[in-house]
Amino acid sequence: NIGAPNNILRIYEKAHGRYLWVIGDDDLPTLSCVSNIYEFLEISNPKLIYLPSRWSTNKISRISRLPKFHNYFTEVDSLRLVKTSHMYITFLSSWIVDVEVLRSDSNFQYDMFRNTLFPHLSWILESIKKESKLYVANVNGIEALGGNTGDYNALTAFSVELPRILVSSLGEHS
């Protein structure tokens, strides 16, 4: 066991496709979400997609059905994306990233936040900073089990680590 952050980074290292979507073990895509996303990736070539989630305190046993592709995604600017995702910017399962764009940047450090609970934020924040082809799903795409902190201290994670990551990545005015 190398720990959750290192497992996430290992997934990035081993991924060979254009897009990377890491889904947590207690999260599920809603019905028709995967086919909607696949179709959208083929048509629109997004650089980053945010999938809002619906949180449940009970074990997820029934998955919501989503409408077909029409009006499923909206292109947004970086400010709207950050406002829409808000604190869920840290929620790994909600993000689909075009890793080819990141890997083509010789200055990009995919493991910049290796020693934090949110190593994937380097991919997300870098994609947001590129300000191109950013999308938000207009309906919840993920069914998530709430209350699962993975045995980390939420206060430290969100009041110490997250602000430090945002300032180091986006600057003092983040």
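This text follows the structure it describes.
Rules of the game
- Residues numbered from 1 in each chain as written.
- Predicted model: local features only at pLDDT ≥ 70, side-chain atom pairs only at ≥ 80, totals over all residues.
- Heavy atoms only, no water.
- Pairing = 2+ DSSP bridges.
- Helix = DSSP H or I, 4+ residues; strand = E, 2+ residues; numbered from the N terminus.
- Axes fitted to C-alpha atoms, helices over the stretch in contact; angles between N-to-C directions.
- Phe/Tyr/Trp six-rings, centres within 6.5 Å; stacked < 30°, edge-to-face > 60°.
- Buried < 20%, exposed > 50% of the residue type's maximum accessible area, 1.4 Å probe, protein only.

**Student:** Explain the sheet that holds strand E3 (residues 48–50) residue by residue, including any values.
**Tutor:** Taking strand neighbours across the sheet as the criterion, the 5 strands line up as E1-E6-E3-E7-E5 in an open arrangement whose pairing is mixed. Two strands bound the open sheet, and with one partner strand each, they are strand E1 (19–21) and strand E5 (73–76). Across the sheet, the mean angle from the axis of one strand to that of its neighbour is 20°, orientation sign disregarded. Looking at chain direction, E5 and strand E7 (residues 134–137) are connected through 4 bridges and run antiparallel.

**Student:** Can you explain the environment of Tyr88? Please cite residues and give values.
**Tutor:** Note that Tyr88 resides in the loop between helix H3 (78–85) and strand E6 (95–98). Along the backbone, Tyr88 and Tyr50 are 38 residues apart, and their C-alpha atoms lie at a distance of 9.5 Å.

**Student:** So what's going on with the packing of aromatic side chains? Which residues, and what values?
**Tutor:** Applying the stated criterion across every chain, the model contains 7 aromatic pairs. Judged by centre distance (4.8 Å) and plane angle (45°), the rings of Tyr50 and Trp95 are tilted. Of this pair, Tyr50 sits in strand E3 while Trp95 sits in strand E6, placing them 45 residues apart in sequence. Judged by relative accessible area, Tyr50 falls into the buried class, the value being 3%. An aromatic cluster of at least three residues, connected via ring pairs, comprises Phe40, Tyr72, Phe73 and Tyr135.

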